[in-house]
Amino acid sequence: MNLLLIETATAVCSVALAGGDGILAELHTDQPNAHSSQLSPLIGRLYAMCGITARQLDAVCVSSGPGSYTGLRIGVSTAKGICYSLGIPLLSVPTLQSMASQFYAQHPAYEGMVCPMIDARRMECYTAFFASPTDELKPVSADIITPGIYDTFLDRGEVTFIGDGAEKTRPILGTHPNARYADNFLISASGMRTVAMTKLQQGQTEDVAYFQPYYLKDFVAKKSVVRGLH
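Quick summary incoming for the structure in this document. Since we're looking at a predicted model, the values are computed, not measured.

**Topic: the pattern of salt bridges**
- Applying the stated criterion to the full structure yields 5 salt bridges.
- Close ionic contact of aspartate 143 with lysine 138 constitutes a salt bridge, the shortest N to O distance being 3.3 Å.
- The class of lysine 138 is buried, set by a relative accessible area of 12%.
- For glutamate 158, the salt bridge is made with arginine 180, and the minimal N-O distance between the two is 3.7 Å. Of the two residues, glutamate 158 sits in the loop between helix 4 (151-154) and strand 9 (159-162) while arginine 180 sits in strand 10 (residues 179-181), which places them 22 residues apart along the sequence.
- On the basis of relative accessibility, which here comes to 32%, the residue glutamate 158 falls in the partly exposed class.

Structure below.
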């Protein structure tokens, strides 16, 4: 079983190859604005590391969002192209669930809650709360972080905040005695493996032609800062 995992929802562009027994190899780059140029080469390097070709893939799984509008489009279009050309299944895993699953896998003794956070600019974050990789306590939402916003969860027990949106919330949420921060957490495509494998076994695949990422918020174009473009 060879399952290609693609994560492009944040500033990190990450790919991994999963087998029945775990992650066979993974690669990533956090080079700014490089998803479009780096994703395909990373996948090619991954094949070479594992000694396989694309035709040996059994399925592709992509992080479905929320997150970067452009990053999600790049990841999903690449995944759909591979699946369509090879006639193999397309899977998707919500990005915040993937992050939570990754954290729990990295900390098997941890018994608290996890709040993955993706930076949505200013004091807004895409968030959710999990008690386990499959136990979602609060559904995905775009929250403006204010004092006391998550006290309902923090008053119940330990909560670890992870992701690229977490650090900016520390002055507001970090004063609670049950708040924890995973400073070294780096989102990885490998976080999708467990959920993706379960979905593949249960036949929970996506429609290659019609599947779209979960943006959560509408895309708002900004004025170009490139000289000569108005």
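Following the structure, the description resumes.
**A few points about the nonpolar core**
- With 24 residues, the main nonpolar core has Leu4, Ile6, Val15, Ile43, Leu57 and Val60 as its most contacted residues.
- Listing elements by their share of this core, those giving two or more residues are strand 1 (3-7), strand 2 (13-19), strand 3 (22-29), helix 1 (35-50), strand 4 (59-63) and helix 2 (69-86).
- Not counting residues within four places of it along the chain, the set of residues in contact with leucine 4 comprises Ala16, Leu17, Ile43, Leu46, Tyr47, Leu57, Ala59, Val60, Cys61 and Ile82.
- Of all hydrophobic cores here, the second largest spans 16 residues; its members include Phe103, Ala128, Phe130 and Ile187.

**Section: helix 6 (residues 193-201)**
- Those residues of helix 6 that fall on the buried side of the exposure criterion are Arg193, Val195, Ala196, Met197, Lys199 and Leu200.
- On the buried face of helix 6, the contacting elements are strand 1, strand 2, strand 3, strand 4, strand 5 (90-93) and helix 3 (95-106).
- Trailing helix 6 by a residue or two, glycine 203 shows a phi angle of about 70°, which is positive.

Definitions and limits used
Residues numbered from 1 in each chain as written. Predicted model: local features only at pLDDT ≥ 70, side-chain atom pairs only at ≥ 80, totals over all residues. Heavy atoms only, no water. Salt bridge = Lys/Arg side-chain N within 4 Å of Asp/Glu carboxyl O. Buried < 20%, exposed > 50% of the residue type's maximum accessible area, 1.4 Å probe, protein only. Helix = DSSP H or I, 4+ residues; strand = E, 2+ residues; numbered from the N terminus. Core = buried A, V, L, I, M, F, W, Y, C linked by side-chain atoms within 4.5 Å. Contact = heavy atoms within 4.5 Å.

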